[in-house]
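Here is what each chain is made of, one letter per residue.
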Amino acid sequence: MEGFEDLVKQYTPMVHRIIRSLHIYKNVDEFYQLGLIALWEAQGNFKAEKGNFFNYAYTFIKGRILTEMTHINRSEEKSIYPKEEYWETVEDQQPDRPLEVEIVLSYCKDLTEKERRWVLMTCIDGMSVREIAEKEGVSLSAVKQWRISAKNKIKGQLEKAD
């Protein structure tokens, strides 16, 4: 069989014809690359006793592109993409939140990660001990321990600052 570079030269028009026949106008380069990958796979899977390589390659490439189109269409159906005008009308619900988080975190330098999460979820998100326990998947007593430890450490920092 021929080298792959020769196959690419010979079958490039076929790949482009398949793309045009399927009315693909978005991401043409990506579908072309997919067609070349399918051509490479077709070359590796082809058995001469089964028939003509041209027909096999055409069917294989077209099938691979159709499969990819199906995947793309399904993912687009599941996703909602609001129009640009929508984003202009959406009001920022928490415009100063990054600054709030930064200020709160400035008091959390000596805290563990769990204690820091308790502080943020309590002070920024307004969550209760029970809500934090459910979200983190831990017991109430564990969250209460984080709270006690965090409060003591922050209190110690504030006393040192005085």
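Just so you know, these numbers come straight off a predicted model, no measurement behind them. (Residues numbered from 1 in each chain as written. Predicted model: local features only at pLDDT ≥ 70, side-chain atom pairs only at ≥ 80, totals over all residues. Heavy atoms only, no water.)

This paragraph deals with the packing of helix 6 (residues 113-123) against helix 7 (residues 129-136). The N-to-C vectors of helix 6 and helix 7 enclose an angle of 125°; their axes lie 10 Å apart at closest approach. Here helix 6 is positioned oblique relative to helix 7, judged by the angle of their axes. Here the hand of the crossing between helix 6 and helix 7 comes out right-handed. Packed against helix 6, whose contacting residues are Arg117, Trp118, Met121 and Thr122, the element helix 7 presents Ile132, Lys135 and Glu136 at the interface. (Axes fitted to C-alpha atoms, helices over the stretch in contact; angles between N-to-C directions. Helix = DSSP H or I, 4+ residues; strand = E, 2+ residues; numbered from the N terminus. Parallel < 35°, antiparallel > 145°, perpendicular 65-115°, else oblique. Left-handed = near helix turned anticlockwise from the far one by under 90°. Contact = heavy atoms within 4.5 Å.)

A separate point is the nonpolar core. Ranked by internal contacts, the top residues of the largest apolar core, which has 22 residues, are Tyr11, Ile19, Leu39, Phe53, Ile61 and Ile65. Those elements giving two or more residues to this core turn out to be helix 1 (4-21), helix 2 (28-45) and helix 3 (53-78). Residues within four places of Leu39 in sequence aside, it is in contact with Phe4, Leu7, Val8, Tyr11, Phe53, Ala57 and Ile61. Grouped together as the second largest cluster of nonpolar side chains are 15 residues, Leu111, Ile124, Val143 and Ile154 included. (Core = buried A, V, L, I, M, F, W, Y, C linked by side-chain atoms within 4.5 Å. Buried < 20%, exposed > 50% of the residue type's maximum accessible area, 1.4 Å probe, protein only.)

With that settled, consider the confidence of the model for the protein. When pLDDT is averaged across the protein, the result is 86; 93% of the residues are at 70 or more. Per-residue pLDDT, averaged within each element of the protein, yields its smallest value for helix 4 (residues 84-89) (71) and its largest for helix 7 (92). (pLDDT = per-residue confidence, 0-100.)

Scanning all chains against the criterion turns up four salt bridges. Ionic pairing is found between Arg116 and Glu113, a salt bridge with its closest N-O pair at 3.1 Å. Here Glu113 and Arg116 lie together in helix 6, a separation of three residues that amounts to about one turn. Among the residues examined, Arg116 registers a relative accessible area of 23% and is labelled partly exposed. Among the ionic pairs, Glu136 bridges to Arg117, the shortest N-O distance being 3.1 Å. One end of the pair, Glu136, is in helix 7; the other, Arg117, is in helix 6, and 19 residues separate them in sequence. (Salt bridge = Lys/Arg side-chain N within 4 Å of Asp/Glu carboxyl O.)

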